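# Working through the structure, step by step
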Amino acid sequence: MRNYLLYLFLSLTMGATAQTDEQVDLKALYQEIDEAISQSPQFVAERGHQISACQDSFLTAKSTEERLQKAERLFLLYEPYKNDSALYYAETCISLADSLHRSDLIGKFRSQLAFQCSSSGRYTESLEQLRLVKRSDLDKNGLCDYYNAWMHVCGELGFYTQRPDVRQRYYDLQNLYRDSVLAVADDSSERYLHLKMDILSARRLFQDALELSDEWFKKVADNTHESAFAAFYRAMVYANLNNHDMTCYWLGKSALDDIRCAVMNQASLLFLAERLADDGDIDRAHRYVEFTKGCNVTFCPLLRNYQVNSVVHVYEKSSQAAQKRANTILIVASVVIVLFLIALFYTILLIRKTKHNNNKQ
């Protein structure tokens, strides 16, 4: 026990030291985000051009194999952008794989479709797709997609149920599928790295998590959706360390990359807006929430619960700030009125006194 406590103390101390390793300029970062938001139509147009070019290639493809390749590319382009279109091209991939009698690819694309469904709150549809998958048909990559989809939907079902026994059952399944993902995923892949960071953070091994994050950033290109994902998980480590500035910085970096990539399925900017609202930067928080809300509605017409909670939090803070300003104005106005009445009262007394003295003379 003594050795364990010493190890825990050293882990926490090292984690605390890691918080101060980086110097950040939040003001400059927020200005970059503001500029990126103003340029968002250009980034969206660029993704639209990529999609259009790929759709043309899909329509002119001469073989089923080529059409499948283009359909998968379209799915990946739509995956973080527009959910309904991503679902459509996932189903197209399933159909094309079926025509090629590729049961391995059918299972892979069903798993990707299931994940896309659970990511947008369609849990029943996700489970239906996963139950159609024959695990024995899958290769290593297909298994990774399959286990990842199961892990995600079990976690979502566990989070939203109000029955403790059911919640624990789903969380136990989520943990099992997480282990399965880690067993088959490449240890340099995005899935492996973010799950490993989750585990290290849960064990309070924050220094190890930050070191793994450093390795992750060496594998991703700047200004990509992948770098945004890596930045988000680095922010979560700093959030566990209660390091406000570093959490805001990496949430901001994640949001900035996603804006520049025209990603509509956004979370980082919402979480950053919450923190800004708590800091009293209401105007900026409100702008970020409005922008992110528009993005997420573009991705999926119905906001998910965590998004609604973030939006409501910022609106509540905005309302409280407005009420506080109104109360301040009311108090100031009341003081001014009282002072005016006092001045008026003394003026009247002075006038009466002056008249009384004149009448005596």
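Fair warning: this is a prediction, and the values are worked out from it, not measured in the lab. (Residues numbered from 1 in each chain as written. Predicted model: local features only at pLDDT ≥ 70, side-chain atom pairs only at ≥ 80, totals over all residues. Heavy atoms only, no water.)

## Looking at the overall build of the protein
Keep this limit in mind: Secondary structure elements are defined from DSSP: runs of H or I of at least 4 residues count as helices, runs of E of at least 2 residues count as strands, and each element is numbered from the N terminus. Under the scheme applied here, a residue whose accessible area is under 20% of the maximum for its type counts as buried, over 50% as exposed, and between as partly exposed, the area being computed with a 1.4 Å probe on protein chains only. In what follows, a contact means two residues having at least one pair of non-hydrogen atoms within 4.5 Å. Note on areas: Shrake-Rupley with a 1.4 Å probe; residue coverage comes only from the protein chains shown.
The helix and strand inventory of the protein stands at 16 helices and 0 strands. Across the 361 residues in the protein, those meeting the buried criterion constitute 43%. Contacts in the protein between residues at least 24 apart in sequence constitute 62% of all its contacts with a sequence separation of at least 6. Carbon and sulfur atoms form 53% of the exposed surface of the protein, whose accessible area is close to 20200 Å².

## Thoughts on helix 5 (residues 83-99)
Basically, it comes down to this: Helix span, expected: 1.5 Å multiplied by one less than the number of residues in the helix.
Helix length check: helix 5, at 17 residues, gives a terminal C-alpha distance of 25 Å against a target of 24 Å (1.5 Å per residue), a fit within 8%. Turning to helix 5, the residues buried within the fold contact helix 3 (40-60), helix 4 (64-78), helix 6 (103-119), helix 7 (123-131) and helix 15 (282-299).

## A short note on the side chain of Asp 258
Under the convention used in this document: Charged residues are defined here as Lys and Arg on the positive side and Asp and Glu on the negative side; His and the ends of the chain fall outside this count. Any carboxyl oxygen of Asp or Glu that lies within 4 Å of a side-chain nitrogen of Lys or Arg is treated as forming a salt bridge with it.
Secondary-structure assignment places Asp 258 in helix 13 (residues 244-260). Comment: no salt bridge for buried Asp 258; closest opposite-charge side chain is Arg 47, at 7.4 Å. Setting aside its immediate chain neighbours within four residues, Asp 258 contacts His 225, Ala 228, Val 263 and Gln 266.

## Here we look at the packing of aromatic side chains
Convention followed: Think of it this way: a Phe, Tyr or Trp ring, Trp meaning its six-membered ring, pairs with another when their centres are within 6.5 Å, and the plane angle makes it stacked under 30 degrees, edge-to-face over 60, tilted otherwise.
Under the definition given, this model contains 16 aromatic pairs. Aromatic pair Phe 232 and Phe 271: ring centres 6.0 Å apart, planes at 35°, arrangement tilted. In this pair, Phe 232 is assigned in helix 12 (residues 225-240) and Phe 271 in helix 14 (residues 268-279), connecting sequence segments 39 residues apart. The class of Phe 232 is buried, set by a relative accessible area of 14%.

## Looking at the pattern of salt bridges
Per the stated rule, a full pass over the model turns up 11 salt bridges. Taking the shortest distance from any N to any O, the salt bridge between Arg 260 and Glu 32 comes out at 3.2 Å. In this pair, Arg 260 is assigned in helix 13 and Glu 32 in helix 2 (residues 26-38), connecting sequence segments 228 residues apart. Taking relative accessible area as the criterion, Arg 260 reaches 30% and is therefore assigned partly exposed. Taking relative accessible area as the criterion, Glu 32 reaches 33% and is therefore assigned partly exposed. One salt bridge connects Asp 145 with Arg 191, and the closest N-O pair in it is separated by 2.6 Å. Here Asp 145 is found in helix 8 (residues 140-160), whereas its partner Arg 191 is found in helix 10 (residues 190-202), with 46 residues between them in sequence. Taking relative accessible area as the criterion, Arg 191 reaches 27% and is therefore assigned partly exposed. A cluster of three or more residues bridged by salt bridges with shared partners is formed by Asp 34, Asp 281, Arg 284 and Arg 287.

## Re helix 7
In an α-helix, one turn spans 3.6 residues; hence positions three or four apart end up facing the same way. Heads up, the rule is: An arc is given here, and it is the one of the directions from the helix axis to the C-beta atoms.
For helix 7, the full list of buried residues reads Tyr 123, Ser 126, Leu 127, Gln 129 and Leu 130. Taken down its axis, helix 7 places every buried residue within 160° of arc, on the same side. Facing away from the buried surface of helix 7 by more than 90 degrees, the exposed residues are Thr 124 and Arg 131. Looking at the packing, one finds that the buried side of helix 7 touches helix 5, helix 6 and helix 8.

## Focus on unusual backbone geometry
Positioned with a positive phi, Asn 242 is a non-glycine residue whose angle comes to about 60°. Positionally, Asn 242 belongs in the loop between helix 12 and helix 13. Asn 242 sits in the exposed class, given a relative accessible area of 69%.

## Brief notes about the nonpolar core
Worth spelling out the cut-off: Working definition of a nonpolar core: buried Ala, Val, Leu, Ile, Met, Phe, Trp, Tyr and Cys residues. They are joined through side-chain atoms within 4.5 Å.
The biggest cluster of nonpolar side chains holds 71 residues, and the ones touching the most others in it are Tyr 30, Ile 33, Leu 269, Leu 272 and Tyr 288. Those residues within four positions of Leu 269 in sequence are excluded, and the remaining contacts are Ile 33, Ile 37, Ala 255, Ile 259, Tyr 288, Phe 291 and Thr 292.

## Thoughts on the confidence of the model for the protein
Caution is warranted with low-pLDDT regions, since their predicted coordinates should not be read in detail. Definition in use: Per-residue confidence from the predictor is reported as pLDDT, which spans 0 to 100.
Averaged over the protein, the pLDDT score is 86; the fraction of residues at 70 or greater is 82%. Mean pLDDT values for the elements of the protein range from 41 in helix 1 (residues 2-18) up to 97 in helix 4. Under a pLDDT of 50 for its full length, residues 1-20 has, in the predicted model, 18 contacts with residues more than four places off or in other chains.

## A word on the packing of helix 2 against helix 3
Here is the rule we go by: Between N-to-C directions, angles span 0 to 180 degrees; the directions come from axes that are lines fitted to C-alpha atoms, helices contributing only their stretch in contact. Here is the rule for angles: anything less than 35 degrees is roughly parallel, anything more than 145 is roughly antiparallel, 65 through 115 is roughly perpendicular, and the remaining ranges are oblique. For this classification, Asp, Glu, Lys and Arg are treated as charged, while Ala, Val, Leu, Ile, Met, Phe, Trp, Tyr, Cys and Pro are nonpolar and the rest, including Gly, are polar.
It is at 4 Å that the axes of helix 2 and helix 3 come closest, and there the two elements cross at 55°. Here helix 3 runs oblique to helix 2, going by the angle between their axes. Two secondary-structure elements touch here, helix 2 through Ala 36, Ile 37 and Ser 38 and helix 3 through Ser 40, Pro 41 and Phe 43. A class-by-class count of the residues in the contact of helix 2 with helix 3 yields 4 nonpolar, 2 polar and no charged.

## A few points about the side chain of Thr 92
Along the polypeptide, Thr 92 turns up in helix 5. The exposure class of Thr 92 is buried, given its relative accessible area of 15%. Every residue in contact with Thr 92, bar those within four places of it in the chain, is listed here: Phe 58 and Ala 71.

## Quick notes on the packing of helix 14 against helix 15
Defined as follows: What makes a crossing left-handed is the near helix being turned counterclockwise from the far one by less than a right angle; a clockwise turn instead makes it right-handed.
The geometry of helix 14 relative to helix 15 is characterised by a closest axis approach of 8 Å and an angle of 160° between their N-to-C directions. If you check the angle between helix 14 and helix 15, you find them roughly antiparallel. Relative to helix 15, the crossing made by helix 14 is left-handed. Within the contact between the two elements, helix 14 uses Leu 269, Leu 270, Leu 272, Ala 273, Leu 276 and Ala 277 and helix 15 uses Ile 282, Arg 284, Ala 285, Tyr 288, Val 289, Phe 291, Thr 292 and Asn 296. For the contact of helix 14 with helix 15, the residue count by class is 11 nonpolar, 2 polar and 1 charged.

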